[in-house]
Amino acid sequence: MRLAVSDEVVLRDLAGEAILLDMNTNTYFGLNPVGTRVWHLLAEQQSTETIIPLLLQEFEVEERQLRTDLEKLVQQLLEKKLLIAIDDPS
């Protein structure tokens, strides 16, 4: 899935963790260090599939568990409109 960070989201890094703020809704969302790393990778790569190999190299986690956790986080971020799904023309 291709994703983009909403233009209305402001990120504040706090010692490895992050706080996201949607400026339209004033919705706050906190990320732990792993979630913060996922956020930064998604902002750069824009695809869950391209970041999975990177995360598997960085963290000791089974791929199945990583995919489940990543899907849950992305779904939460989409629901809160902090991330936006991009239609992929391919």
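Bear in mind the structure is a predicted one, so any value in this text is a computation, not a measurement. (Residues numbered from 1 in each chain as written. Predicted model: local features only at pLDDT ≥ 70, side-chain atom pairs only at ≥ 80, totals over all residues. Heavy atoms only, no water.)

Trainee: Explain helix 2 (residues 48–58) residue by residue, including any values.
Mentor: Every α-helix carries 3.6 residues per turn, so stepping three or four residues along brings you back to the same face. When helix 2 is considered as a whole, its buried residues turn out to be Thr 48, Ile 51, Ile 52 and Leu 55. Projected down its long axis, helix 2 shows its buried positions confined to an angular sector of 120°, all on one face. In the core, the buried residues of helix 2 are packed alongside strand 1 (2–5), helix 1 (33–45) and helix 3 (63–79). The opening residue of helix 2, the one whose side-chain oxygen lies 3.2 Å from the backbone nitrogen of Glu 49, is Ser 47. (Buried < 20%, exposed > 50% of the residue type's maximum accessible area, 1.4 Å probe, protein only. Helix = DSSP H or I, 4+ residues; strand = E, 2+ residues; numbered from the N terminus. Arc of directions from axis to C-beta. Contact = heavy atoms within 4.5 Å. Polar contact = N/O pair within 3.5 Å; in protein donor to acceptor, adjacent residues only side chain to side chain.)

Trainee: Explain the sheet that holds strand 2 (residues 9–14) to me, using residue names and the numbers behind them.
Mentor: Strand order in this open sheet of three strands is 2-3-4, and the pairing throughout is antiparallel. In this open sheet, the two strands that pair with only one neighbour each are strand 2 and strand 4 (27–31). Adjacent strand axes in the sheet meet at a mean angle of 20°, parallel and antiparallel pairs treated alike. Sheet topology places strand 3 (residues 17–22) next to strand 4; five bridges connect them, and they run antiparallel. Its bridge partner lying in strand 4, Ile 19 is registered against Gly 30. Along the sheet, helix 1 contacts strand 2, strand 3 and strand 4; its crossing angle with strand 2, the most-contacted strand, is approximately 135°. (Pairing = 2+ DSSP bridges. Axes fitted to C-alpha atoms, helices over the stretch in contact; angles between N-to-C directions.)

Trainee: Hey, could you go over helix 3 for me, with residue numbers and the actual values?
Mentor: Relative to the 24 Å expected for 17 residues at 1.5 Å per residue, helix 3 spans 24 Å between its end C-alpha atoms, a close match to the ideal helical length. For helix 3, the set of buried residues is Leu 66, Leu 70, Leu 73, Val 74, Leu 77 and Leu 78. Summarising the axial view, the buried residues of helix 3 lie within an arc of 135°, below the 170-degree limit, and thus occupy one face. Those residues of helix 3 that are exposed and aimed more than 90 degrees away from the buried face are Arg 64, Glu 71, Lys 72 and Glu 79. In this structure, the buried residues of helix 3 make contact with strand 1, strand 3, strand 4, helix 1, helix 2 and strand 5 (83–86). Looking one or two residues beyond helix 3, the residue adopting positive phi is Lys 81, at roughly 60°. (Expected span 1.5 Å × (residues − 1).)

All quantities given are derived from atomic positions and should not be read as evidence of function.
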